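A closer look at the structure
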Amino acid sequence: MALRQFHDMSHDDEQLYELSKGMPDDYEPPEYPNSLQFTISQKDLERAGADGGDIGDTMRFSALAEVTSIFKGMDHCRIELQIDEFAGEDGKFFDPSFPGCICLCDPELEKLGLEADCERGDMIHLIGSARLESSSSTEWGGDMVTMQITELTYAEDESTESREG
């Protein structure tokens, strides 16, 4: 397994400029891409070792995510991932009760050095830091939290066979 260096996933100055073009002067673009947010249950967050987290708290995490969609266009590509296994700082993976989704677009893929040449069903091992952005209580899912990925890297060769062998 080859681990890469961690990358700050915040928007760079050019991205912030593009996001604010045509907007009112008082508009503040988001610091991080919204596509790097995922939702998990409060119970899963506690299971990952983040007991009683407050908005703004950060944690280290690992996620094994399955590629569910790949889009390649002339000027744009995107990989959509579903979190199948999740771990906190202790590194102990578990199946989350709610499968969070993450979308890696051109700027994120470029920062990570990833190509959109993967296939649906491939597994990517994401490792990083996430900040607790918001919490909600829903009728269908119970207490949920939204996490914003702030720092990210990945490890290669995370096929089912390599984890089981």
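Figured I'd write up the structure that's included with this text. Quantities reported herein were computed from a predicted structural model and do not represent experimental measurements.

Attention now goes to the overall build of the chain. Looking only at helices and strands, the chain has four helices and seven strands in total. Overall, the chain shows an N-to-C arrangement of helices and strands of β-α-β-α-β-β-β-α-β-β-α. Relative to the 2.2 N^0.38 estimate, which gives 15 Å for 165 residues, the radius of gyration of the chain is 16 Å and therefore close to what a compact globule would have. If you line up the chain on its principal axes, its C-alpha atoms span 50 × 35 × 30 Å. Restricting to contacts in the chain with at least 6 residues of sequence separation, those with at least 24 account for 69%.

Bringing the pattern of salt bridges into the picture now. In total, this model carries five salt bridges according to the counting rule given. A network of salt bridges, in which partner residues are shared, links Glu 31, Arg 131 and Glu 133.

In this section: the environment of Phe 61. Within the fold, Phe 61 resides in strand β3 (residues 58-72). Among the residues examined, Phe 61 registers a relative accessible area of 2% and is labelled buried. If we skip the residues at most four places from it in the chain, Phe 61 touches Phe 86, Ala 87, Gly 88, Leu 126, Ile 127, Gly 128, Ser 129, Ala 130, Ile 149 and Leu 152.

What follows is about the nonpolar core. Phe 38, Phe 86 and Leu 104 are the most contacted members of the largest nonpolar core, which has 35 residues in total. Elements represented by at least two residues in this core include exactly β2 (37-41), β3, β4 (77-87), β5 (101-105), α3 (106-112), β6 (123-138) and β7 (142-155). Once residues within four sequence positions are removed from consideration, Leu 104 is found in contact with Leu 36, Cys 77, Arg 78, Ile 79, Leu 81, Leu 109, Leu 112, Leu 114 and Leu 152.

Note on placement: Tyr 17 falls in helix α1 (residues 13-20). Of the residues examined, Tyr 17 reaches a relative accessible area of 52% and is grouped as exposed. Once the C-alpha coordinates of Tyr 17 and Pro 29 are considered, the two residues, twelve residues apart in sequence, prove to be 8.7 Å apart.

Strand direction decides the pairing type here: β3 and β6, joined by nine bridges, are antiparallel. Bridging from a neighbouring strand, Ser 62 pairs with Ile 127 of β6. Two strands pair when backbone bridges link them, and β3 and β4 are joined in this way by ten bridges, in the antiparallel orientation. By the bridge assignment for β4, Phe 71 is matched with Arg 78. Between β3 and β4, which pair antiparallel in sequence order, lie four residues.

Thresholds, definitions, all that
- Residues numbered from 1 in each chain as written.
- Predicted model: local features only at pLDDT ≥ 70, side-chain atom pairs only at ≥ 80, totals over all residues.
- Heavy atoms only, no water.
- Helix = DSSP H or I, 4+ residues; strand = E, 2+ residues; numbered from the N terminus.
- Rg over C-alpha atoms; globule rule 2.2 N^0.38 Å.
- Contact = heavy atoms within 4.5 Å.
- Salt bridge = Lys/Arg side-chain N within 4 Å of Asp/Glu carboxyl O.
- Buried < 20%, exposed > 50% of the residue type's maximum accessible area, 1.4 Å probe, protein only.
- Core = buried A, V, L, I, M, F, W, Y, C linked by side-chain atoms within 4.5 Å.
- Pairing = 2+ DSSP bridges.

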